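Structural characterization, general
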Amino acid sequence: MASKQVWTATGRRKRSVAQVKLVGGTGKITVNGVDVDEYMPFATLVMDLKQPLVATDNENRFDIDVKVNGGGFSGQTGAIRLAITRALLEFDKNTDQTREDSYRHILKTQGFVTRDARVKERKKYGLKKARRAPQFSKR
């Protein structure tokens, strides 16, 4: 009995961490055991996390199982998108990366390979937030 090949990857965004398993299939995406359309509250978020699949024309080629925790829906979507991108790069790693039709070239030009490193800045003492100072009173 031959086992299906699985490509795994991890993606992070803000406080969210997503682990993705890519398996050959019909395009079904489950997030934490729930269908992606039920898990994500907005269709734009679902569209956002599917962008790497659309760019490489793989919407109906893989079944994707996602485990994600931490952060909000927007951060989780970014983490899932990065993880899917990395899994697709893992799937395509044996092809020539210098070709224009390689997944790496397609995804890199659209900006999906780069991790968005922006995170919430820590609060400093004497301030109300990270940078917000208390209101100044002249009298």
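First things first, this report covers the structure right here in the doc.

**Remarks on the sheet that holds strand β2 (residues 16-24)**
- If you trace the five strands from one edge of the open sheet to the other, you get β1-β2-β5-β3-β4, paired in mixed fashion. Of all strands in the sheet, those with a lone pairing partner are β1 (6-13) and β4 (34-35), marking the two edges.
- Relative to β2, β1 runs antiparallel, the two being bridged by eight bridges. Bridge pairing links arginine 13 to serine 16 in β2.
- Strands in contact with helix α4 (residues 73-91) are β1, β2, β3 (29-31) and β5 (62-69); relative to β1, the strand with the most contacts, it is inclined by about 145 degrees.

**Overview of the environment of phenylalanine 42**
- Relative to the helices and strands, phenylalanine 42 is located in the loop between α1 (36-39) and α2 (43-49).
- Taking the C-alpha atoms as reference, phenylalanine 42 lies 23 Å from lysine 21; in sequence the two are 21 residues apart.

About the criteria used
Position labels on residues start from 1 in each chain and follow its written sequence. Since the coordinates come from a predicted model, pLDDT governs what is reported: local features require at least 70, and pairs of side-chain atoms require 80 or more to be given and counted, while whole-chain, interface and lining totals use all residues. To get the side-chain values, all heavy atoms of the structure are used, and hydrogens and water are removed first. When DSSP finds two or more bridges between two strands, those strands count as paired. Note on conventions: DSSP H or I runs of at least 4 residues are helices, E runs of at least 2 residues are strands, and numbering of each starts at the N terminus. In this analysis, two residues are considered to be in contact whenever any of their non-hydrogen atoms come within 4.5 Å of each other. Between N-to-C directions, angles span 0 to 180 degrees; the directions come from axes that are lines fitted to C-alpha atoms, helices contributing only their stretch in contact.

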